Amino acid sequence: MTQPTSRAVYAGSFDPPTNGHLWMIRQAQTMFDELIIAIGINPDKKSTYTIAERYAMLEAITQEFPNVRIYSFENRFLVDYAHDVDAKFIVRGIRTASDYEYERTIRYINSDLQPDILTIFLMPPREFAEVSSTMVKGMVGPSGWRQMIRRYVPDAVYEKILADNEGR
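Report on the accompanying structure. (Residues numbered from 1 in each chain as written. Predicted model: local features only at pLDDT ≥ 70, side-chain atom pairs only at ≥ 80, totals over all residues. Heavy atoms only, no water.)

A short note on the pairing of strand 2 (residues 34–41)
Consecutive side chains along a regular strand alternate between the two faces of the sheet. Burial runs high along strand 2: seven of the eight residues are buried. Bridging between strand 1 (residues 7–12) and strand 2 involves six bridges; their strand directions are parallel. Within strand 2, the residue paired with Tyr10 across the bridge is Ile37. Note on the crossover from strand 1 through helix 1 (residues 19–31) to strand 2: the handedness is right-handed. Relative to strand 3 (residues 68–74), strand 2 is paired through seven bridges, and the arrangement is parallel. Counted as the bridge partner of Ala38 is Tyr71 from strand 3. Between the parallel pair strand 2 and strand 3, the chain is carried across by helix 2 (residues 51–61), and the sense of this crossover is right-handed. (Buried < 20%, exposed > 50% of the residue type's maximum accessible area, 1.4 Å probe, protein only. Helix = DSSP H or I, 4+ residues; strand = E, 2+ residues; numbered from the N terminus. Pairing = 2+ DSSP bridges. Right-handed = clockwise from strand over helix to strand, strands pointing away.)

Quick look at the structure:
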């Protein structure tokens, strides 16, 4: 008899992926047989990078993890997406107290919708706690921006940001 596969979903906009995202992926992929990175498409949110660009950046930074798969989803609740891909876990990051309050509420709503899916919270180390995609994008432009964002994103993402902002 074979053991059932444990599958989890880690979702976000990943616009662009940061070192914090990579830390979450690195940790989560050790906890489950399969980790699905789900790029959430929010039509009400203006993205800097296309789905294809975000997919390519995620693919580049996760190539060392054979149990990671990358997909996208839109117009549905994350918990329903997790159910549809037979995931029993959702992985979420907690960086701040406000993240905790928000994620706790969503966790209870998710449990109402799909009681068999558990939410797992991971708390990244201090050096990633304040890093967000929005923060990284906001740093591009002023003098010295290249050195500033270098510390917050993986190499492949850094190269993409540099290429997209040549001449700035």
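Notes on the nonpolar core
Nonpolar side chains in soluble globular proteins generally cluster together in the buried interior. Ile25, Leu58, Val91, Ile149 and Ile161 are the most contacted members of the largest nonpolar core, which has 33 residues in total. Broken down by secondary-structure element, the contributors of at least two residues to this core are strand 1, helix 1, strand 2, helix 2, strand 3, helix 6 (133–139), helix 7 (145–150) and helix 8 (155–164). For this core, the leading source of residues is helix 1, giving five residues. In this structure, Ile161 is in contact with Pro16, Tyr49, Val136, Val140, Trp145, Ile149 and Val153, ignoring residues within four places of it in sequence. Ala11, Ile36, Leu78 and Val85 belong to the second largest nonpolar core, which has 13 residues in total. (Core = buried A, V, L, I, M, F, W, Y, C linked by side-chain atoms within 4.5 Å. Contact = heavy atoms within 4.5 Å.)

Fair warning: the whole summary comes from geometry, so function is off the table for now.
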